[in-house]
Amino acid sequence: MGKHRVVIIGSGFAGLFAAKALTNEDVAITLIDRTSHHLFQPLLYQVATGILSPGQIAPSTREILHKQKNVRVLLGLVEDIDPKNKQVIWRNHTNRYSTDYDSLIVATGAGQSYFGNDQFARFAPGMKSIDDALELRARIFGAFERAELEEDSKAQQRLLTFVVVGAGATGVEMAGQIRELASRTLKGEFRNVNPEDARVILVDGASTPLPAFGEKLGGRTRHELEKLGVEVRMNQLVTDLDADSVTLQDKDKNIEVIPCVCKVWAAGVQGSALGKKLAAATGVELDRAGRVKVDEHLQIPGYRDIFVVGDLMAREGVPGVAQGAIQSGRYVARVISARLAGREVSPFEYWDKGSMATIAKFSAVASIGKFKFHGFPAWLAWCFLHLLYIAGFKARVGTLLHWLISFLSNARSARTTTNQQLVGRLALERFGTGASGKLLRGENLHLDEDTDTVK
């Protein structure tokens, strides 16, 4: 009989830490992911605002795991799961494959949720991938460049208005960095416009920023953001947006239309599409966000060989943060190891190590158990913790050097943007992902104007 076959779908925190936890086990691991890198998602906003380059937060998965001889890494998109035959169905640009498993770990994470308004995505990208961050970088810096060329003052104001939707950690960090970028980094670089005149607006339906941190730290966060120059709009919902504006509605049903070109969507998450495939194949229940409801061993009820971890997992008391993904990934690795040894392990218990969020340079908030603190001490703790979890020594050193440049001089060394970054996502949506496979095979393409797709 051959080695126990473990298939891991996804190379985020959950998938990567599950694979590493099985290093010393006599198993054959196949890790399949649609990207070639492990993404440190909490720092995406720093890629979007020019502090870090993608390589600092997205090292190659193969490089990370190259010394772990029981792992094979495959680049491909998983399309379906066949629990009856214990197979994962996946494809790359040109071919379709099936991979057998004895134990399956599904760690495909979550994407952005627009709460039923998916048309908003065209004008307000989320921030879940390197592509998202690079597109936002092009949109943010491009807005200043376009404003420099504009002679009409109203058009300039519209270009220099930035709206961030969602006042969780990502939204707060993004709003703070755009404000610092405008006020400090770009100061004196333009002649026709003053970047300091930019408006940065943070919008959320909650009553305070960072609601998960409590009212005290939420209030402190709002105070620091407003002192920085961010307009904080709480108890307001986005009811519409297009290329040139955002429409807000407050709790009294008052409507306000804000002229704005650059929007960032940082509100809500939606389980990956594979969650629906699992539900169809196994009958497992999904929560309202499309995440898979797992049992106390993080497996699909009735399927001891299928585990769901990370942001795709719905388990009471486990938040959708990096620690939840790391701990769940390590746990299912222990379950598999124990069962191979003829043992069982106790149910999963999440250890809440606290939450942190930066507001601006030298300013952050932290909630760790009963301890809640803010300011420079919280910022130092945030820096240390994030450096600790970045994968690879080179990435840690590179990140530290970029931080020193940014924090000591206000300069940002990763400001390069391209037109491809700006339009790539929309082009793929217009032409369809099948176009890339045809190009790789050397086939000719043409655009069908009636269906707006590539043939």
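Above: the structure in question.
This one's a predicted model, so the numbers in the text were calculated from it and none came from an experiment. In this numbering scheme, every chain counts its residues from 1 along its sequence in written order. Selection of residues for local features in this predicted model requires a pLDDT of at least 70, selection of side-chain atom pairs for listing and counting requires 80 or more, and totals for whole chains, interfaces and linings are taken over all residues. Side-chain numbers here rest on the full set of heavy atoms in the structure, without hydrogens or water.

Enquirer: I tried to follow the pattern of salt bridges on my own but got confused; where do I start?
Expert: Any two side chains of opposite charge can pair, given that their charged atoms come close. By convention in these notes, a salt bridge is any Lys or Arg side-chain nitrogen within 4 Å of a carboxyl oxygen on Asp or Glu. Under the criterion given, the structure shown has 21 salt bridges. Its salt-bridge partner being E256, residue R233 comes within 2.8 Å of it at the nearest N-O pair. Of this pair, R233 sits in strand 11 (residues 230-233) while E256 sits in strand 14 (residues 255-259), and the two are 23 residues apart along the sequence. We call a residue buried when its accessible area falls under 20% of the maximum for its residue type, exposed when it is over 50%, and partly exposed in between, using a 1.4 Å probe and counting protein chains only. Classification of E256 by relative accessible area gives partly exposed; the value is 32%. The salt bridge partner of E344 is R339, with a shortest N-O separation of 3.4 Å. We classify E344 as partly exposed; its relative accessible area is 46%. Secondary structure elements are defined from DSSP: runs of H or I of at least 4 residues count as helices, runs of E of at least 2 residues count as strands, and each element is numbered from the N terminus.

Enquirer: What should I look at first to understand the sheet that holds strand 13 (residues 245-250) in this one?
Expert: In this analysis, strands are considered paired if DSSP registers two or more bridges between them. On the basis of which strands lie adjacent, the open sheet formed by three strands has the order 12-13-14 and antiparallel pairing. The open sheet has two free edges, formed respectively by strand 12 (236-241) and strand 14, since each of these has just one partner strand. Recorded for the sheet is a direction-independent mean angle of 30° between the axes of neighbouring strands. In the sheet, strand 13 pairs with strand 14 via five bridges, with the strands oriented antiparallel. When the bridges of strand 14 are listed, T247 appears paired with V257. Here an axis means a line fitted to C-alpha atoms, over the contact stretch when the element is a helix, while the angle between two N-to-C directions is reported on a 0 to 180 degree scale.

Enquirer: What exactly am I supposed to notice about the side chain of E173 here?
Expert: Take E173: it is sitting in helix 7 (residues 169-185). Within the buried set, E173 has no salt-bridge partner at all; the shortest N-O distance to an opposite charge, 11 Å, is to K128. Asp and Glu count as negative and Lys and Arg as positive, but His and the ends of the chain are not part of the count.

Enquirer: Just checking my understanding: could you explain the packing of helix 11 (residues 376-389) against helix 12 (residues 393-409) for this structure?
Expert: Two quantities define a packed helix pair, namely the angle between the helix axes and the distance between the axes. One can describe the packing of helix 11 onto helix 12 by two numbers: an axis separation of 10 Å at closest approach and a directional angle of 150°. Relative to helix 12, helix 11 is oriented roughly antiparallel. Each of W379, W382, C383, H386, L387 and L388 in helix 11 lies in contact with helix 12, whose residues at this interface are R396, T399, L400, W403 and F407. For this classification, the nonpolar set comprises Ala, Val, Leu, Ile, Met, Phe, Trp, Tyr, Cys and Pro, the charged set comprises Asp, Glu, Lys and Arg, and every other residue, Gly included, is treated as polar. The residue makeup of the contact of helix 11 with helix 12, split by class, is eight nonpolar, two polar and one charged. When an angle is under 35 degrees it counts as roughly parallel; over 145 it counts as roughly antiparallel; between 65 and 115 it counts as roughly perpendicular; any other value is oblique. Residues are treated as being in contact if the distance between any of their heavy atoms lies within 4.5 Å.

Enquirer: I would appreciate a short explanation of the layout of surface pockets in the present structure.
Expert: To find leftover empty space, a probe the size of one water molecule is rolled over the atoms. The way it works is a 1 Å grid over only the protein atoms, where trapped points that fit a 1.4 Å probe form a cavity and open points with protein on both sides within 12 Å along at least five of seven lines form a pocket, and then any residue with an atom within 4 Å of a point lines it. Grid points are joined across faces, edges and corners, and a volume is the space filled by probe spheres set on the points. Its volume calculated, the second largest pocket comes out at about 420 Å³. Lining of the second largest pocket is provided by 21 residues; of these, R139, R146, A243, V261 and L422 occupy positions nearest its centre. Looking at the lining of the second largest pocket, the elements that each hand over two or more residues are helix 5 (130-149), helix 6 (153-159), strand 15 (262-265) and helix 13 (419-431). Tallying contributions element by element places helix 5 first for the lining of the second largest pocket, with five residues. When grouped by side-chain class, the residues that make up the lining of the second largest pocket number 10 nonpolar, four polar and seven charged.

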